[in-house]
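Examination of the molecular architecture
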Amino acid sequence: MAGVAVPRAARPPWRIDTGTVLCSGVLALVAFGVVYPVLLVVLQSFQTALPGQPARLGLDGWHAALAEPALRTSLWNTLTVTLARQVITLPLAVFVAWLLARTDLPGRRGIEFAFWAAFFLPPLTVTLSWILLLDPEYGLVNAALAALPVVGARLGKGPFDIYSFWGIVWIHVITGSLTVKVILLTPAFRRMNAAFEEASRVAGAGTLRTALRITVPVMAPVILSVLLLGTMVSLQTFEVEQVLGTPFRFFVFSTTIYDLLVTRVPRYDAATALAVLVLAAMLPLIVAQQWVTRGRRYTTVTGQFQSRVHALGAWRWPALALALVLVAIVLGVPVVFALLGTFMKLFGFFNVPEPWTLDNWRTVLGDDLFASSLRNTVILALGTALAAVMLHSLIAYIAVRTRYAGRRLLDFVSWLPFTVPGVILGLALLWLFLGTPFLRPLYGTTAALIAAGLISGMPLGVQIIKSGLMQLGGELEEASRIAGATWWTTYRRIVLRLMAPTLAAVGMITFVGAARNIANVALLSTTANRPLSILQLDYIAEKKLEEAVVIASIIMLISLAGAAVAYVLGVRGNVG
Amino acid sequence: MFAPHVAVDGATLDVRRGEVFTLLGPSGCGKTTTLRLVAGLERPDGGEIMLRGRIVASVSRRVFVPPNRRNLGMVFQSYAIWPHMSVFDNVAYPLTLRGLGRADVRERVARVLDMVGLSGTEARAATLLSGGQMQRLALCRALVYEPDLLLLDEPFSNLDAKLREQMRHELRLLQRRLGITVLFVTHDQIEALSLSDRIAVMQRGRVEQVGPPRSLYEAPASAFVRDFVGSTVILRGRVSGQTPGRLTVALNGPLRGRHIAGRSMAAAAVATGAEVHVAIRPEDIEVDVVRSESEPLPGIIDTLLFVGDRYEARVSVGAEQRIVLLLPRTREWKEGQAISLGLPPDAVSVWPA
């Protein structure tokens, strides 16, 4: 009887072998869907033979990626656009998040929801809306400025040109960069212990000094994490540059890759070499992001405190005005003008006689393609959402709650889709589907697009569920085990029930993401499984902007509905 | 013979049926891990755990019974009340897992809720309960299926002082009524002393001493137990004389020249002139106003705090030593006052340094 029990636990009690098998199965599945395509990309970058010819290995692609001026320029453009976006949006986002979470700004809940809704707007829709305002020839803003008595003549024609470097940066600031930071930072700021700020106030610092000297430094890890996340997301962009950059021959690497792929003789080697360069740049960012968030657990930001807010006093009205202007820019203008654009006879031309018409809606709704695309989109979005909730929650659970040996690897692998440009991920999946015999029948089906959405949505989905799980005390599960429940019963009756709002929100986010996904599915879709987002791209390619904006508006309305549902379900960007 | 056995770092702990057995120790001493090992929430690296004659964990025999098949009850530090369930559902959960019929469940839940005064809250969302109510609910959930052993992991630490005292009495009463065996983990010596039939004092994964509360307090087996259970005043000196079981000590330092007698706590004989520590519980010190400069120790009241039912005084003894004493309200005391400290030999223990 006298044994020695060193009071240190080695493994969790439910580490039964079936559990290990399940975890390994998930890891294998994720590795196949994520690591294998990445490997294909790397290998393809050394494969210089043209499609259809015998394989030949070489460094031509790398040579092109590193030496050809056009490709070098596109890397440089990517860098400068990314830098400009982050530099502009970070201070602004920190300020807005502070206003929303730490002050008595009037209507802050509504404003927060507006940013949340704006985050869901498809970038392409926003781009089309702002073209109406900032087109150098016909944009309303430019026209209004030109009509001004004295200044108008001085400014000449079109002081604002959306088809420019700053035009692209502007759209990025509006679509992703600002809103994503605000919705990630605001809940984190809200969870901060108010005692830090109160101590500073009592010590004699004013509101502004407290914000700059206490709040921002305390939140530095979160801010850094959001910045890294934002940088990763911004390296992914595709549609905005495709629409705004191509007319003036401005390429970033994602549009360059697309360009290399859709020409008559596709340059797979150069395109994939570029992609590998991006991947190499992303990996340190991921490691940094994980390192920063790991450190955050030690910081003093917890959810246990009542956060009281600062009274802004007389400053609340200027602050409110600023917030409302931002909301108008990120949400109001895109929604109003996208809808307005659908009723224009000639998209962007307000000065033609009788500019308004219902014909665009009639044309699109009467198009056979529309009906099939809508059906494809609904199946695609629903399927992706359901699959994502199941797979992503399983990954998150294994990473957070089990002590499975490969859990860190699984966690890391779930980030990988962030590192691969969307177009390339689509291409790699294309190779995966065509190159794997048992998957070949899936090519051209909606299932292939669901797989693409599942993989591209993995980093965000897993992260949100992970942080939800981490907030869920482990004792709630242990209590169930003690009460006599098996692992599986506990998972069903405790974990899934408590996580239901988070899972529903992840499902909604994935639904919207799949509905508007362009980059991942552009190369995977055929006439049989073409969703609305690609139909809209086709319309743009055919210069049918009026029809494109109708589709864009429909996708936008679907997205906004999804945003509202996800918001009501109560998860507001608990990432990072 | 139905006793659960807990083996910790070489020592075997034996919890007798129907008793409250407490693991007491500072944080990080391994008491919570021990509890979790018993619960089956951790796997032992070695040794054996037996519950009612059944081996539930044994490394050498490759036995590990998962927590859901041990029939234990547990109250967690955070209570772990499931927020998505009502009060009724929380208590009914373990019963439905055991396949009880609906009427049976209803009846048992009603009975156990009534026992702790939660009747009428069945339909309420569990998250709307107060801290004390949540704890009672957690207790109900752990007791409703009549477990073989009830595990309590610091259950009072989240309650305020008054509620804590009340819950101590309630738990004691309930335990007596049900005759249930309890394994209790705490770092609070008052909780341990007041609730337990027996206490195991733990330090760094080792059991220092096992015994009933009084014997632990009055006859600690080691300096760690002496200092951890209750507070102690310690003076240094050398043995100056001895009779069987008794030592007389000449104090060192500023108190040189004063002699104190006490019980010897050394295992072997102590040589005259050996360095020793003299220990006494502050409440055993007889405080008086100074009458003569002779035998009792002299002290000076540095600070005097009125705490309601008594005074709390910090007293300088000699030049360096400061001790905290509780002084009765019935006398007038003031700061700077000289007092005399009497040390009754029966209350004084002498330890090898």
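Since the model is a prediction, treat every value here as computed from it, not as a measurement.

Turning our eyes to something else, we now look at the overall build of chain B. Along chain B, the regular secondary structure elements total eight helices and 21 strands. Judged by the C-alpha coordinates and their principal axes, chain B covers about 80 × 50 × 30 Å. In chain B, which comprises 353 residues, the proportion classed as buried is 40%. Counted over contacts in chain B with a minimum sequence separation of 6, partners at least 24 positions apart contribute 63%.

Our focus in this paragraph is the overall build of chain A. Of the regular secondary structure elements, chain A holds 25 helices and zero strands. Against the 2.2 N^0.38 benchmark of 25 Å for 576 residues, chain A shows a C-alpha radius of gyration of 25 Å, consistent with a compact globule. In terms of principal-axis extent, the alpha carbons of chain A reach across some 95 × 75 × 50 Å. Counting across all 576 residues of chain A, residues that qualify as buried make up 50%.

The share of residues in chain B with pLDDT of 70 or more is 95%, and the mean pLDDT across the chain is 86. Both confidence scores are given for the complex: pTM 0.73, ipTM 0.76.

Turning our eyes to something else, we now look at helix α3 (residues 69-102) of chain A. Its 34 residues give α3(A) an end-to-end C-alpha distance of 48 Å, which sits within 8% of 50 Å, the value for a rise of 1.5 Å per residue. Where α3(A) bends most, at A:T89, the angle is about 30 degrees, and the proline A:P91 comes one to four residues later.

To continue, consider the nonpolar core. The biggest cluster of nonpolar side chains holds 238 residues, and the ones touching the most others in it are A:A97, A:L185, A:I257, A:L274, A:I551, B:A138 and B:L151. Broken down by element, the residue count for this core peaks at 14 residues, all from helix α8 (residues 165-191) of chain A. Those residues within four positions of B:A138 in sequence are excluded, and the remaining contacts are B:V75, B:F76, B:Y79, B:A80 and B:I81. Membership of the second largest hydrophobic core comes to 26 residues, among which are B:V239, B:I260, B:V278 and B:V317.

Residues and elements named next belong to chain B. If you walk across this open sheet you meet the six strands as β7-β8-β9-β3-β10-β11, and the pairing is mixed. Of all strands in the sheet, those with a lone pairing partner are β7 (72-75) and β11 (206-211), marking the two edges. The average angle at which neighbouring strand axes cross in this sheet is 20 degrees, direction not considered. As paired strands, strand β10 (residues 198-203) and β11 are joined by five bridges and run antiparallel to one another. Among the inter-strand pairings, I199 is bridged to a residue of β11, identified as G211.

Turning to unusual backbone geometry, a few remarks are in order. Residue and element names in this part refer to chain B. The residue R62 is not glycine, and still its phi comes out positive at about 55 degrees. Within the secondary structure, R62 is located in the loop between β5 (54-58) and β6 (63-64). Looking at R62, the number of C-beta atoms within 10 Å reads 6, which means it is exposed. The residue Y79 is not glycine, and still its phi comes out positive at about 70 degrees. Judged by the 25 C-beta atoms lying within 10 Å of it, Y79 is buried.

In terms of domain boundaries, chain B breaks down into domain 1 (5-213) and domain 2 (233-352). Between the C-alpha centres of domain 1 of chain B and domain 2 of chain B the distance comes to 41 Å.

Let us look at the sheet that holds strand β16 (residues 286-289) of chain B. Backbone-to-backbone hydrogen bonds join strands into a sheet, with any given pair of strands oriented parallel or antiparallel. All names here are of chain B. In spatial order, the strands read β16-β20-β17-β18-β19; together these five strands make up an open sheet with antiparallel pairing. Either end of the sheet is taken by a strand with one partner, and the two such strands are β16 and β19 (321-328). Here the strands of the sheet are splayed against their neighbours by 40 degrees on average, with no regard to which way each runs. Where strand β17 (residues 297-306) and strand β18 (residues 310-317) come together, seven bridges link them in antiparallel fashion.

Turning our attention to the environment of A:G58. All names here are of chain A. With respect to the helices and strands, G58 occurs in the loop between α1 (17-44) and α2 (60-67). Looking at G58, the number of C-beta atoms within 10 Å reads 12, which means it is exposed. Separated by 11 residues in sequence, G58 and P69 have C-alpha atoms that sit 20 Å apart. With sequence-adjacent residues up to four places away left out, G58 is seen in contact with F46 and T48.

Further remarks concern the confidence of the model for chain A. All names here are of chain A. Averaged over chain A, the pLDDT score is 80; the fraction of residues at 70 or greater is 90%. In the model of chain A, helix α7 (residues 150-155) stands out as the element of lowest mean pLDDT, 63, in contrast to helix α15 (residues 316-341), which has the highest, 91. This model gives residues 1-15 a pLDDT under 50, and the stretch forms 54 contacts once residues within four places in sequence are excluded.

Moving on, we come to the environment of A:L83. Residues and elements named next belong to chain A. As for its placement among the helices and strands, L83 is situated in helix α3. For L83, a count of 13 C-beta atoms within 10 Å corresponds to the partly exposed category. Taking the C-alpha atoms as reference, L83 lies 9.6 Å from S234; in sequence the two are 151 residues apart.

The next point concerns the pairing of strand β3 (residues 20-24) of chain B. All names here are of chain B. Of all five residues in β3, five are buried, a share of seventy percent or more. Of the two faces of β3, both are covered, the one formed by V20, T22 and L24 as well as the one formed by F21 and L23. Note that β3 and strand β9 (residues 182-186) share five bridges and pair parallel. Paired with T22 across the strands is F184, a residue of β9.

Time to look at the environment of B:P147. All names here are of chain B. Residue placement: P147 occurs in the loop between α4 (131-143) and β8 (149-153). Since 20 C-beta atoms lie within 10 Å of it, P147 is described here as buried. Remark: the alpha-carbon pair of P147 and A57, spanning 90 residues in sequence, is separated by 18 Å. If sequence neighbours within four positions are ignored, P147 has contacts with N71, L72, G73 and A142.

Right, let's get into the domain arrangement of chain A. All names here are of chain A. Per the domain assignment, the segments making up chain A are domain 1 (15-44 + 359-576) and domain 2 (63-357). Contact with domain 1, which involves 42 residues of that partner, is made by 45 residues of domain 2. At the level of secondary structure, the elements contributing two or more residues to the side of domain 1 that touches domain 2 comprise α1, α16 (359-366), α19 (422-435), α23 (487-516), α24 (532-541) and α25 (545-568). For the side of domain 1 that touches domain 2, the element with the most residues is α25, which contributes 14 residues. In the side of domain 1 that touches domain 2, the residues fall into 26 nonpolar, 12 polar and four charged.

To continue, consider the pairing of strand β4 (residues 48-51) of chain B. Residues and elements named next belong to chain B. Across four bridges, the pairing between β4 and β5 is antiparallel. Opposite E48, over in β5, you have S58 as the bridge partner. The loop that links β4 with its antiparallel partner β5 comprises two residues; one of these, R52, has a positive phi angle of about 50 degrees.

All names here are of chain A. Direction vectors running N to C along helix α5 (residues 123-134) and α25 enclose 130 degrees, while the axes themselves pass 9 Å from each other. One element, α5, and the other, α25, form an angle in the oblique class. Relative to α25, α5 is oriented so that their crossing is left-handed. Across the interface between the two elements, L124, T125 and L128 of α5 pack against A548, V549, A552, S553, I555 and M556 of α25. Residues belonging to the contact of α5 with α25 are distributed by class as follows: seven nonpolar, two polar and no charged.

Calculation rules
Residues numbered from 1 in each chain as written. Chains lettered and ligands numbered in written order. Predicted model: local features only at pLDDT ≥ 70, side-chain atom pairs only at ≥ 80, totals over all residues. Helix = DSSP H or I, 4+ residues; strand = E, 2+ residues; numbered from the N terminus. Buried ≥ 20, exposed ≤ 12 C-beta atoms within 10 Å, placed from the backbone. Contact = placed C-beta atoms within 7 Å. Rg over C-alpha atoms; globule rule 2.2 N^0.38 Å. pLDDT = per-residue confidence, 0-100. Expected span 1.5 Å × (residues − 1). Bend = angle between axes of the 7 residues up to and from the residue. Core = buried A, V, L, I, M, F, W, Y, C linked by C-beta atoms within 7 Å. Pairing = 2+ DSSP bridges. Axes fitted to C-alpha atoms, helices over the stretch in contact; angles between N-to-C directions. Domains from an automatic or database assignment. Nonpolar A, V, L, I, M, F, W, Y, C, P; charged D, E, K, R; others polar. Parallel < 35°, antiparallel > 145°, perpendicular 65-115°, else oblique. Left-handed = near helix turned anticlockwise from the far one by under 90°.

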